[in-house]
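Chains, contacts and geometry: an overview
Here is what each chain is made of, one letter per residue.
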Amino acid sequence: MKITKQIVLFFAYYFMHFFAQAISYALLITFLTTLGYTATQRSLFFVADALFGMVFQVILGYLCDRHQKIKPYLYMLLLVYVIGTYALYRTTEMNFLVHIFLVPLVGSMLRLSASLSDSLTIETSEETRNNYGVIRLFGSIGWAVGSPVAAWIVAKWGYPMLGPSFIVFMALCVASILGIKDVKKVSSSDPVTMSDVQSLLRNPSYMLTVVILFLLFVVDMTQSYSVIDKIWYLNGSEKDVGNYWLMAAMLELPLFFYGGRLMQKLGSFKTIIIAGFFYGIRYVVYGCATSIFHMFVGGALQGVTYPLLMVASKIMVDEKTPENMRTSGQQVANAVYNSGSALVSPILVGLMEDNIGINNSLFVIAAMALITTGITIFINKKQA
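These numbers were taken from a predicted model, which means no experiment stands behind them. (Residues numbered from 1 in each chain as written. Predicted model: local features only at pLDDT ≥ 70, side-chain atom pairs only at ≥ 80, totals over all residues. Heavy atoms only, no water.)

1. Considering a nonpolar patch on the surface
Quick note on the threshold: Residues enter a patch when their relative accessible area is above 30% and they make no salt bridge; the linking distance is 9 Å between like charges and 5 Å between nonpolar side chains (Val, Leu, Ile, Met, Phe, Trp, Tyr). Here the open area of atoms and residues is found with the Shrake-Rupley method and a 1.4 Å probe, where only the protein chains shown may cover a residue. What makes a salt bridge here is a side-chain nitrogen of Lys or Arg within 4 Å of a carboxyl oxygen of Asp or Glu, nothing more. Strands here mean DSSP runs of E at least two residues long; helices mean DSSP runs of H or I at least four residues long; both are numbered from the N terminus.
Taken together, the side chains of L44, F96 and L97 present a nonpolar region at the surface, about 300 Å² in accessible area. For L44, the location among the structural elements is in helix α3 (residues 39–67).

Pasting the structure below:
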């Protein structure tokens, strides 16, 4: 791998972006819990978050392809993200009407800015596309460092200090992206229209990929709710949550580095099958856990599951998308499998935890991962 100026700038940008994300999001569940919200109430916030993200993800992809630019829209998202995060953590009393607006705003800006950053990386050049896994690795490092920093800030100054801290770190994030070139879109005499975007949804190969990814991202997304609730159930603290994210993010690094090579050797479907199998094992461990240590054992499998899912998902979607609609292809797919899973996951977790308990909820999620893996194996054999 040749280290160029653009690659180094992407390294710096992903590190600072995910560091800032950890400050804004790693302790959001515990923040809402300390304010007195139940699992079902919290799920309503995240449902609104997902609905907002699904709509704007499609619109953003269309605008980027139509105007052949990504960075101006990314700057806009980061600005709104800063304002929303600052306002969220300054609201330290239980106020449902305020939080039903601020929580979705922060969550959707996190996902939209991350998704648009991935499109920027994949589309900037063949070099950055081929090294997406290594670039994304620096995002994991940023999250790993930022999570315990967030816990330290809360322990020392309380949740309200997360807002000003986020502003500082996001300013460094923006500074690092200034030197990154915007994408060079494929020129066309006919601008991209919404009918072109709709045609993606009529592409069977594209939609099959999206459905598989949706099911696995539902499994992955529940980690932000059910796993944190299980740590809380086992009398864990904000420090335990911060250390959990630190460990999980650090263990992602090797496969973010080598995941691209593994996918080239095995193919994207087999890579997804491996990820799905280990997701199932992981949630069985969570369900059986009787101590914080057991939760960390399950979290160690993050080193296999998430990197393989992330690397394979971006490349799989890119391969199924027309070249002049690559941003739309990524954003529409993300609207379904990322924002869509963000819509389903909090509802699923909230209802299950309130009705069958935390442990049974984790076993149901494990079963979902294994069933999806079985379906993917069947499809892979049929296409072989």
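On we go from here.
2. Considering helix α8 (residues 162–177)
The cut-off we apply is this: Under the convention used throughout, the expected extent of a helix is 1.5 Å for every residue step, that is, one less than its residue count. Remark: exposure states derive from per-residue accessible area (1.4 Å probe, protein chains only) relative to the maximum for the residue type, with buried under 20%, exposed over 50%, and partly exposed in between. Taken from the helix axis, the directions to the C-beta atoms give the arc we talk about. Any two residues whose heavy atoms approach within 4.5 Å are treated as being in contact.
Taking 1.5 Å as the rise per residue, α8 with 16 residues should run 22 Å; its terminal C-alpha atoms sit 22 Å apart, in good agreement. Along α8, the positions that sit buried rather than exposed are L162, G163, S165, F166, F169, M170, C173, S176 and I177. Down the axis of α8, the buried set is contained in an arc of 145°. They therefore lie on one face. Residues of α8 that are buried in the fold lie against α1 (5–25), α4 (71–90), α5 (96–124) and α7 (132–157).

3. Side note on the packing of helix α10 (residues 204–221) against helix α15 (residues 302–319)
Note the cut-off: Fitted lines through C-alpha atoms serve as axes, helices being fitted only where they are in contact, and the angles separating the N-to-C directions of these axes extend from 0 to 180 degrees. Angles are sorted into four bins: roughly parallel if under 35 degrees, roughly antiparallel if over 145, roughly perpendicular if 65 to 115, and oblique for all others. Should the near helix be turned anticlockwise from the far one by less than a right angle, the crossing is termed left-handed; should it be turned clockwise, right-handed. Throughout this entry, Asp, Glu, Lys and Arg are counted as charged residues, while Ala, Val, Leu, Ile, Met, Phe, Trp, Tyr, Cys and Pro are counted as nonpolar. The remaining residues, Gly among them, count as polar.
Two elements in contact, α10 and α15, have axes separated by 11 Å at closest approach and are oriented at 160°. As far as their axial angle goes, α15 and α10 are roughly antiparallel. Here α10 and α15 pass one another in a crossing that is left-handed. When α10 is examined against α15, the residues Y206, T209, L213, L216, F217 and D220 are found in contact with a partner set consisting of Y306, L309, M310, S313, M316 and V317. Of the residues contributing to the contact of α10 with α15, the split by class is nine nonpolar, two polar and one charged.

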